[in-house]
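Residue-level structural notes
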Amino acid sequence: MRVEITPRRVDVIPGQPTFFSLTITNTSDVIGGFTVRALGVDPSWVSLEEPEVSLFPTESRVVTATVTVPEGIPAGTRRLAFQVRELTPPEDSSVTEIDLVVPAAPSVHTRVDPLAVHAGKTGALNLVVTNTGNTQLTRELRGDDAEGKVKFRFAPERVDLAPGEHAVVDVRARARRRLLGAMVVRVLSFYLDEADTKRPEGAARDDKDAAASATFIQRPVIARGGIALVGLLAAVTVFGLVITLALSKLVGMSAADRDLALQIAAAQEAGATTGTSSASGRVTLLTSNAPVPGVSVSLFDAEEPATPLTTTATDDNGAYSFKHLPAGDYLVSYRGAGLIELWFPGATSADDATPVSLKPNEARAGLDVRLGGVPASISGSVTGEDVAGATVSLETMPFAGTVTGDGAADAAAPATSEPGTGGGAVVQTVPVGTDGSFSLADVPSPSIYTLKVTKTGYATSTQRLDIDAGENRKGVQVMLRKGDGVISGTVTSSDGPVGKATITATAGEATSSTVSGTGPDRGAFTLRGLPTPATVTLTISKAHYASETMTLTLGEGQKLTGVTISLSKSSGSLHGSVTLVDGGRAATGVMVTITNGSLTVSTQTGSTGEDAGTWQVGGLPVPGVYTVTFARPDLLSQTLSVSLNETDRGDPIPLEMRSSTATLGGKVTQHLNASRNSATVPVGEATITLSSGTSTYTVTTASTPQEATGRYRIEHLPPGTYTMTVSSRGTRPTSQLVTLVAGNGNKPQNPVLEAAASIRGTVVEAKQPKAGWTVQLYRADQFPQVVAATVKTDAKGAFTFDGIEAPQAYVLVARPTPNSPAAGSVTSQVEASEQQQVRIEVDSAE
């Protein structure tokens, strides 16, 4: 036996299968059976194409092993071994090792809690760093702000995380406070740097490298409320100097007013943190209605729009919410990277915003807004023979999706649609310069557009553009080709000319569309302005008809007429199920081929679950007559003729198929002793060989589970007469003739083997039996190194060795105890199925 495996070392991707080829060669001169299994890993990782194979002498077979390493496994090298064991003598075993290398895939997720912090000189935050990769991760924490005025302290300053592990880092952000005035909003960026790497002092950082961001809202030393309080106190002091003691009561009232002012100022400084009301909404893009995550949403007191009471951010669905709010009037603002700042419901400044009024215990929802991006720009050039006088138009893609909110009607039609194009709305139109250049400014973004170049006498050219928010797209190039080609003809069907069919011509970037006529010109069409010379693809479609595609070639200035396009009414489908005649089981993997002479499609019957044995093919032109062929290598092929028209109700096509090969099965048993009337037991690992004179098939009976012991099954046999030979260790082989017919209806063959060879005997000393003595059995060629079996004598000095290998020469040694010197021995030659009797004379005095 020789085993080769390729590859021996391979990089694997968790969750994706990797394939190995095991080449097994039978180097003996007899037919051999081999079994393959994987060692050293979870069995669920490995799938074997053929766990067991039978090979003729010198024959080789390639067994494909599929190894799928589960996701989440740490990076590193895993060693896997494949064991190939020979089921037939000499029963050799080969173990070959391979290396599975899981490459390192570092990944980290960082979350800030809270996203916004209100504080004086020092703000406290937490960074939650999670190692979402498959390898050990060591990172150092860094932080900065746009103005460079914040100092950071991290505890710990470095995290060392195993895969799946997380760490909570305490962050202190510290900056000098303003003495008085409004609050300062500082955007903090946090970075995870490779350990032991030094960044030059003052080196710029890319915001896209930031692992997380937060907002530090820093209060001044003296807030506006404090300044107002100082003025109030000064006024009270001056007033107290000019009044008389007789007005002491009024002075007391002024003191009460002062206390009230202090309470109001304190409330404004504390912000809205408790209450029973809430507000929520959703942020989407103005151009596409897609949700926008990561938008900063701030809530303000309607009377103080300079300082936010609280700030949150939209989630992946664009949703946000504020909870525990006191009743009152609020303003809401929205800010996002690359997007124009907006105040609810659609104002560009706080002065024009509409306050949101909350009542006690009210849950206000629907505070939805649509944000537009910072205007983008597009520039490029049009190339061709004569581009002067051409026009560039920018159109939106056809609007899809549902817009909710107060301004849905406006979003559905942001511009005027160009009639007859079937595209989206026209956003801008600009002329092309004499040098072919063009430029489009103030383009709404982000969005997906169609750039269209037109000129009389030339083919219309289009290009799809995906524009990011505020992007400055340069270098767009569009080819303008002379459009003096014409294609005209008629669209027909089995019922005559077809009107209102859409015909679209495509030649590279150039496109042209039209609709077939109605009335007297029913079915007629003409496509003008096509580029020449060119290869043009025509696509013809209409509801309730199967679409058609046609390719035509236009020469220089050619006008092609008389083109006839035939559409088939609708499209039908065929479906059914295939079962086996023997047993009615679903026939899986049957190739189903459907053809009408010009169209041929194929599919296979399903293999699992409810789809087992079923098939379906759609998109078939109707009416039509189709030939359906069913084929599988082990089944007799069948062919049906099916008519398909518009009135068909789609009834399934049932089919029964008969096997083209034979199947033989049964159970091998063996007598317990030499008497043919003795009881029998199943025999595992027995070898069954079928020979037709030209072909030989070999299998081994099952040994597990217990209820299946002795059973065998051989499939895909050509019908005919075979010599069936059954052999097992220590037993004489048995043979018989078996005639097999196609299908699974062959009678089971249950051979009964003679009893296996055995040695029975007694141990005596001076004709007296020796009870409790140890008898050891050795193969003669392994004596005295290897003991094949050991038994103890009974009260009559008798012993038995059943089921031994034969033919074989043995040495039997008797000892008083297992470790005492031998007191007697005999040599025995045992033939297959022989029940041999021996007598061992011993001398315990030796």
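Refer to the structure above for everything that follows.
Residues numbered from 1 in each chain as written. Predicted model: local features only at pLDDT ≥ 70, side-chain atom pairs only at ≥ 80, totals over all residues. Heavy atoms only, no water.

Within the protein chain, the regular secondary structure consists of three helices and 67 strands. Counting only residues that meet the buried cut, the protein chain has 39% of its 846 residues in that class. Across the protein chain, contacts joining residues at least 24 apart in sequence account for 64% of those joining residues at least 6 apart. (Helix = DSSP H or I, 4+ residues; strand = E, 2+ residues; numbered from the N terminus. Buried < 20%, exposed > 50% of the residue type's maximum accessible area, 1.4 Å probe, protein only. Contact = heavy atoms within 4.5 Å.)

As a further point, take the environment of Arg 9. For Arg 9, the position within the fold is in strand S2 (residues 9-11). Once residues lying within four places of it in the same chain are set aside, the contact partners of Arg 9 are Thr 77, Asp 99 and Val 101. Here Asp 99 takes part through its side chain, which lies 3.2 Å from a polar atom of the side chain of Arg 9. (Polar contact = N/O pair within 3.5 Å; in protein donor to acceptor, adjacent residues only side chain to side chain.)

This paragraph deals with the sheet that holds strand S4 (residues 32-39). In spatial order, the strands read S2-S9-S8-S4-S6; together these five strands make up an open sheet with mixed pairing. Edge positions in the open sheet fall to S2 and strand S6 (52-55), since each of these has one partner strand only. Averaged over all neighbouring strand pairs, the angle between strand axes comes to 25 degrees, with direction disregarded. Relative to strand S8 (residues 76-86), S4 runs antiparallel, the two sharing six bridges. Across the sheet, the residue bridging to Arg 37 is Gln 83, located in S8. (Pairing = 2+ DSSP bridges. Axes fitted to C-alpha atoms, helices over the stretch in contact; angles between N-to-C directions.)

Further remarks concern the sheet that holds strand S17 (residues 184-194). Taking strand neighbours across the sheet as the criterion, the five strands line up as S11-S18-S17-S13-S15 in an open arrangement whose pairing is mixed. Edge positions in the sheet fall to strand S11 (116-119) and strand S15 (158-161), since each of these pairs with one other strand and no more. Sheet twist, expressed as the average angle between the axes of neighbouring strands with direction ignored, equals 30 degrees. Pairing geometry for S11 and strand S18 (residues 212-218), over four bridges, is parallel. When the bridges of S18 are listed, Val 117 appears paired with Phe 216.

In this fold, Gly 485 is placed in strand S35 (residues 485-493). Given a relative accessible area of 0%, Gly 485 falls into the buried group. Expressed as a C-alpha distance, the spacing of Gly 485 and Gly 529, which sit 44 residues apart in the sequence, is 5.7 Å.

Working definition: two side chains of opposite charge can pair if their charged atoms are close together. The full count for this structure, using the stated rule, is 21 salt bridges. In this structure, the salt-bridge partner of Glu 50 is Arg 61, at a minimum N-O distance of 3.4 Å. With a gap of eleven residues between them, Glu 50 in the loop between strand S5 (46-48) and S6 and Arg 61 in strand S7 (residues 60-68) connect regions that are remote in the sequence. With its nearest N and O atoms 2.7 Å apart, the salt bridge here joins Arg 473 to Glu 471. The class for Glu 471 is partly exposed, based on a relative accessible area of 21%. In this structure, a network of salt bridges that share partners links the residues Glu 140, Arg 142, Arg 158 and Asp 193. (Salt bridge = Lys/Arg side-chain N within 4 Å of Asp/Glu carboxyl O.)

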